[in-house]
Amino acid sequence: MNNHTATLSNLAAIDAAHHLHPFSDMGKLNASGTRIIERGEGVFIYDSAGKKYLDAFAGLWCVNIGYGRPEMAAAVARQMTELPYYNAFFGTTTPPATLLAQKMTAHAGPNMNHVFFTNSGSEATDTWFRMARVYWKAQGHPTKTHVIARRNGYHGSTVAGASLGGMTWMHEQGNLPIDGISHIGQPYWYAEGGDLSPEEFGLKAARELEARIDELGEENVAAFVAEPIQGAGGVIVPPQTYWPEIARICKARNILLISDEVISGFGRLGSWFGYQHFGFEPDMAPVAKGLSSGYLPIGGVLVSDRVAQVMISEVGDFNHGFTYSGHPVCAAAALENLRIIEDEGLVERVRDDIGPYFRKGWESLLSHELVGEAVSVGLMGGLQIAADKTIRKRFDQPDDVGMLVRNHCLENGLVMRATGDRMLASPPLTISRGEVDQIIETLRKGLDHLRDTRGV
Ligand code: PXG
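Let me begin by describing the structure that accompanies this report. (Residues numbered from 1 in each chain as written. Predicted model: local features only at pLDDT ≥ 70, side-chain atom pairs only at ≥ 80, totals over all residues. Heavy atoms only, no water.)

1. A short note on the side chain of histidine 320
Thought 1: Within the element layout of this structure, histidine 320 appears in the loop between α14 (305-313) and α15 (328-343).
Thought 2: Overall, histidine 320 belongs to the buried group, its relative accessible area being 15%.
Thought 3: At a separation of 2.7 Å, a polar atom in the side chain of histidine 320 contacts the side chain of threonine 127.
Thought 4: Setting aside residues up to four positions removed in sequence, histidine 320 forms contacts with Phe116, Asp126, Thr127 and Arg130. (Helix = DSSP H or I, 4+ residues; strand = E, 2+ residues; numbered from the N terminus. Buried < 20%, exposed > 50% of the residue type's maximum accessible area, 1.4 Å probe, protein only. Polar contact = N/O pair within 3.5 Å; in protein donor to acceptor, adjacent residues only side chain to side chain. Contact = heavy atoms within 4.5 Å.)

Below, the structure written as structure tokens:
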């Protein structure tokens, strides 16, 4: 055994001794041991025991072009050799950063022509949060500072990100949310729609925004933020009436509309951005994940002409930025990733071919007695587990049922994500039809396992 294999065989112990993981109960994790992922190819990943998994979650909603692309490695190596780092602070830029800003905005619609670069989605959240307040102050409205977000939304893990997110179990750690942020309800018809039709409930959920703005006073509200489809919250697809009404309210009350595109950007919904799928125009849009398919960390905020014009002509210095804003190697990776998405027509493929195929398979699970709802847009799917689907009754221990299905899938070589009693899928955009079939069949067996275990 050479030193390398000796270290590998010992990796779980080293990990338990030294590595604090994100969003994890470290006591439990150290006791059970971490799974070590060593290699990826296409939609598959391989662990240190050689076990192969179909990754129906694309890493963490991000590996849009699939694993193991040699073109990505080559692009990164080229840039590393040419110029591994330079900043964008003191009147300088690098070719990849500038070209990436051009390429991103080319897909973002006629009114979205600027980008501010960050390293992550959380930093993108902090960036638009500050920019929104700076924008209103420069416009002569210094009191317009309050930001409205939604319960069960997710916008990151920094102080502003976790505050804007609507996860109360995150707020409990670190005295959050910070001042100037409040939350309205989510458009989760299955759980909260009662006797209303989805369309009626969509309007009702949207009008909570109007009521909150009026309560706070329009002169005190800077912005509203939402994910086009809640991701971490459970792939909750809003009723059709929701987004048009939200867009109307933001316009009527003169507040900025922020579309969090960290998951929905770069093809996942069969459009370049989620707002294009739903047909509205945001004022700013944070992005990350699929921008580089996760090969290197990079994010940013797409900024509309309305906001950019004020930032450029009226603000002077915007005192905000990161050492690695527009990092040339990460930007080179993102450029190559976007080239692949364009050249392989992955956005159109999701919209016209594999997305509809996935939806057909996903909806076939509705025949299962424990499936109350199976919704998808493009390659983003949410499946509601129900104790009695005839009356939309959920299990008493939602986290347990989701985890049971998830673990069964994992044992059978499929990585899925469970949020409570919803199963989430978000595979690479390159997935084949046969691989989609494999997701559906393994998930169906996981649901059978839940039925048999629960004696339903
Ligand atoms: N906005 C959205 C909509 C996200 O999904 C972020 C912002 C923050 O991005 P960064 O790059 O800072 O993580 C995210 C991230 C999960 C899970 O369990 C989801 C995310 C992150 C971690 C876990 O579904 N999304």
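We are not done yet, so read on.
2. A word on the site of the ligand
Thought 1: Taken together, 15 residues are adjacent to the ligand, and Trp61, Gly121, Ser122, Asp260 and Arg417 come closest.
Thought 2: Within the contact set of the ligand, a nitrogen atom lies 2.7 Å away from a side-chain nitrogen or oxygen of aspartate 260.
Thought 3: Within the complex, 84% of the 540 Å² of free accessible area of the ligand lies under protein.
Thought 4: Those elements that place two or more of their residues in the shell around the ligand are α4 (58-61) and α7 (121-138).
Thought 5: Its residues assigned to classes, the shell around the ligand shows six nonpolar, five polar and four charged. (Near = heavy atom within 4 Å. Areas by Shrake-Rupley, 256 points an atom, 1.4 Å probe, with all protein chains shown as cover. Nonpolar A, V, L, I, M, F, W, Y, C, P; charged D, E, K, R; others polar.)

3. Digging into helix α12 (residues 242-252)
Thought 1: Here α12 has its buried residues at Tyr242, Trp243, Glu245, Ile246, Ile249 and Cys250. Projected down its long axis, α12 shows its buried positions confined to an angular sector of 160°, all on one face.
Thought 2: Turning to α12, the residues buried within the fold contact β5 (146-150), α11 (198-216), β7 (221-226), β8 (256-259) and α13 (274-278).
Thought 3: Just past α12, the residue asparagine 254 takes up positive phi, approximately 55°. (Arc of directions from axis to C-beta.)

4. As for the sheet that holds strand β3 (residues 52-55)
Thought 1: Strand order in the open sheet formed by four strands is β1-β2-β3-β13, with mixed pairing between adjacent strands. A strand with exactly one partner marks an edge of an open sheet, and here the two such strands are β1 (37-41) and β13 (414-415).
Thought 2: Note: strand β2 (residues 44-47) against β3, three bridges, orientation antiparallel. The residue bridging isoleucine 45 from the neighbouring strand is tyrosine 53, located in β3. (Pairing = 2+ DSSP bridges.)

5. Focus on the sheet that holds strand β15 (residues 422-425)
Thought 1: An order of β11-β12-β15-β14 is seen for the four strands of this open sheet, with the pairing classed as antiparallel. Every interior strand has two partners, whereas the edge strands, β11 (371-377) and β14 (417-419), have only one. Neighbour to neighbour, the strand axes of the sheet diverge by 20° on average, direction disregarded.
Thought 2: Judged from the three bridges that link them, β14 and β15 form a sheet pairing that is antiparallel. Its bridge partner lying in β15, threonine 419 is registered against arginine 422. (Axes fitted to C-alpha atoms, helices over the stretch in contact; angles between N-to-C directions.)

6. Observations concerning α15
Thought 1: Between the first and last C-alpha of α15 there are 22 Å, a value that for 16 residues agrees with the 22 Å anticipated at 1.5 Å per step.
Thought 2: Most of α15 sits out of view: 13 of its 16 residues are buried.
Thought 3: Immediately beyond the C-terminal end of α15, within one or two residues, lies glycine 345, with a positive phi of roughly 60°. (Expected span 1.5 Å × (residues − 1).)

7. Focus on the pattern of salt bridges
Thought 1: For the structure on display, the rule yields 20 salt bridges.
Thought 2: Between glutamate 369 and arginine 451 there is a salt bridge, with its nearest N and O atoms 3.3 Å apart. One end of the pair, glutamate 369, is in the loop between α16 (346-364) and β11; the other, arginine 451, is in helix α18 (residues 433-454), with 82 residues separating them in the sequence.
Thought 3: Exposure remark for glutamate 369: the relative accessible area of 38% places this residue in the partly exposed category.
Thought 4: Of the charged contacts, one joins aspartate 421 and arginine 394 as a salt bridge, the two residues approaching to 2.8 Å between their closest N and O atoms. (Salt bridge = Lys/Arg side-chain N within 4 Å of Asp/Glu carboxyl O.)

8. Regarding the pairing of strand β4 (residues 112-118)
Thought 1: Counting buried residues in β4 gives five out of seven residues, a clear majority hidden from the surface.
Thought 2: Here β4 pairs with strand β10 (residues 299-304) via six bridges, running antiparallel. For phenylalanine 116, the partnering residue across the bridge sits in β10 and is valine 301.

9. Some remarks on the packing of helix α17 (residues 398-411) against α18
Thought 1: Viewed as axis vectors pointing N to C, α17 and α18 meet at an angle of 130°, and their least axial separation amounts to 8 Å. Between α17 and α18, the crossing angle belongs to the class labelled oblique. Of the two possible hands of crossing, α17 and α18 adopt the one that is right-handed. Of the residues in α18, those touching α17 at Asp400, Val401, Leu404, Val405, His408 and Cys409 are Thr442, Leu443, Lys445, Gly446, Leu447, His449, Leu450, Thr453 and Arg454.
Thought 2: Of the residues that constitute the contact of α17 with α18, the class distribution is seven nonpolar, five polar and three charged. (Parallel < 35°, antiparallel > 145°, perpendicular 65-115°, else oblique. Left-handed = near helix turned anticlockwise from the far one by under 90°.)

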